[in-house]
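Structural overview for review
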Amino acid sequence: MNLKLYKPLCIFDLETTGINVGKDRIVEICILKVNPDASRESKTWRVNPEMPIPLQASEIHGIYDEDIKDAPTFKEIASKVVEMITGADLGGFNSNRFDVPLLAEELLRAGLDFDLTRFKLVDAQTIYHKKEPRNLGAAYQFYCGKTIENAHSAEADVMATFEVLDAQVGKYDDIPKDINALSEFTFHNKNADLAGFIGINANDVAVFNFGKYKGQEVKEVFKKDLGYYGWLQNADFPLYTKKVFTKIQLSSKF
């Protein structure tokens, strides 16, 4: 094993009813627990999501309502999941953006705590994107089948960039074609929560990424408008986001 582990690493994957972290549910979870001595164990659970599985989701992962009608709910297996991941770190593929946030929601919904600070998170997709060529030349070859002549000259690069962007929009049916929506699609923020409602500004302070206080510091908003905190707790936000809001609200008293 190439990995150097100081405590167990739990690699996990979720199959779900959809991709909305706040609303969708787990229909299958598999956890591979790898120990520092390279020994390993794995567990897989089918889960009744207590809601219909959309056909579009079933066609992707092959799990239909009939397959899980007699399966336990997540709440019924939650303690087993916690037992397996306690004292371990977490890993997956695109796990930082999806699997970890959704698992946190399910655990909190089941009445069990999930504290992100207790885990180190390792996302194999991020490593892949950082280590394999992701520069303009690689994109130009991949999307346009061409090699940039005079690479790194401003003119050649801007011409290639436009061709790549235009080819991307033509290649993928699920990304927007208009600039306003495409701008939103391509923007990344550093966030304090898992779903991206709470951003981190240049001063490393939590700010709202949405609503009437967008861009303002969460702590300062709660000091002047505590009612807004109450509204957030009753609104349709992910549970982990609400937990972060609560932590900030408590700190705003001091």
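Our structure is the block above this text.
The shown structure was predicted, so the numbers you read here are calculated from the model rather than taken from an experiment.

Considering the state of the cysteines
Counted by the stated rule, this structure contains 0 disulfides. Cys10 provides the cysteine sulfur closest to Cys30, a residue in no disulfide bond, and the two sulfurs are 11 Å apart. Relative accessible area serves as the criterion here: at 30%, Cys30 is assigned to the partly exposed category.

Describing the packing of aromatic side chains
This structure, assessed with the given rule, holds 18 aromatic pairs. With a centroid separation of 6.3 Å and 35° between ring planes, the pair formed by Phe208 and Tyr213 is classed as tilted. The class of Phe208 is buried, set by a relative accessible area of 0%. Aromatic side chains Phe237 and Phe245 sit 6.4 Å apart centroid to centroid with 80° between the ring planes, which places their arrangement in the edge-to-face category. Phe245 carries the same exposure label as Phe237, and that label is buried. Pairwise contacts between aromatic rings join Phe197, Phe208, Phe210, Tyr213, Phe222, Tyr228, Tyr229, Trp231, Phe237 and Phe245 into one cluster.

Brief notes about the pairing of strand E3 (residues 40-46)
The pairing of strand E2 (residues 26-34) with E3 spans 7 bridges and is classified as antiparallel. Paired with Ile29 across the two strands is Trp45, which belongs to E3. The hairpin turn running from E2 into E3, its antiparallel successor, is 5 residues long, and Ala38 in that turn takes a positive phi close to 80°.

Points about helix H4 (residues 95-109)
Along an α-helix, a turn takes 3.6 residues, which lines up residues three or four apart on a common side. Most of H4 is tucked away, with 11 of its 15 residues classed as buried. For H4, every residue scored as buried is listed here: Ser95, Phe98, Asp99, Val100, Pro101, Leu102, Leu103, Ala104, Glu105, Glu106 and Leu107. On the buried face of H4, the contacting elements are strand E1 (9-16), E2, helix H3 (74-85), strand E4 (89-92), strand E5 (121-123) and helix H11 (239-251). Gly111 lies just past H4 and shows a positive phi near 85°.

What to know about the pairing of E2
Counting buried positions along E2 gives 7 out of 9 residues, so the element sits mostly inside the fold. Note that E1 and E2 share 8 bridges and pair antiparallel. Bridging from a neighbouring strand, Leu9 pairs with Val34 of E2.

A word on the sheet that holds E3
If you trace the 5 strands from one edge of the open sheet to the other, you get E3-E2-E1-E4-E5, paired in mixed fashion. The open sheet has two free edges, formed respectively by E3 and E5, since each of these has just one partner strand. On average, each strand axis in the sheet is tilted by 20° relative to the strand beside it, whichever way the strands run. Together, E1, E2, E3 and E4 form the strand contacts of H3, whose direction differs from that of E2 by roughly 15°. Its contacts with the sheet place helix H5 (residues 124-131) against E4 and E5, and it is angled at close to 50° to E5.

Remarks on unusual backbone geometry
Residue Glu50 is not a glycine yet carries a positive backbone phi of 60°. Checked against the element boundaries, Glu50 lands in the loop between E3 and helix H1 (55-61). Phi is positive for Asn94, which is not a glycine, with a value near 65°. Tracing the backbone through its elements, the reader meets Asn94 in the loop between E4 and H4.

Definitions and limits used
Residues numbered from 1 in each chain as written. Predicted model: local features only at pLDDT ≥ 70, side-chain atom pairs only at ≥ 80, totals over all residues. Heavy atoms only, no water. Disulfide = S-S within 2.5 Å. Buried < 20%, exposed > 50% of the residue type's maximum accessible area, 1.4 Å probe, protein only. Phe/Tyr/Trp six-rings, centres within 6.5 Å; stacked < 30°, edge-to-face > 60°. Pairing = 2+ DSSP bridges. Helix = DSSP H or I, 4+ residues; strand = E, 2+ residues; numbered from the N terminus. Contact = heavy atoms within 4.5 Å. Axes fitted to C-alpha atoms, helices over the stretch in contact; angles between N-to-C directions.

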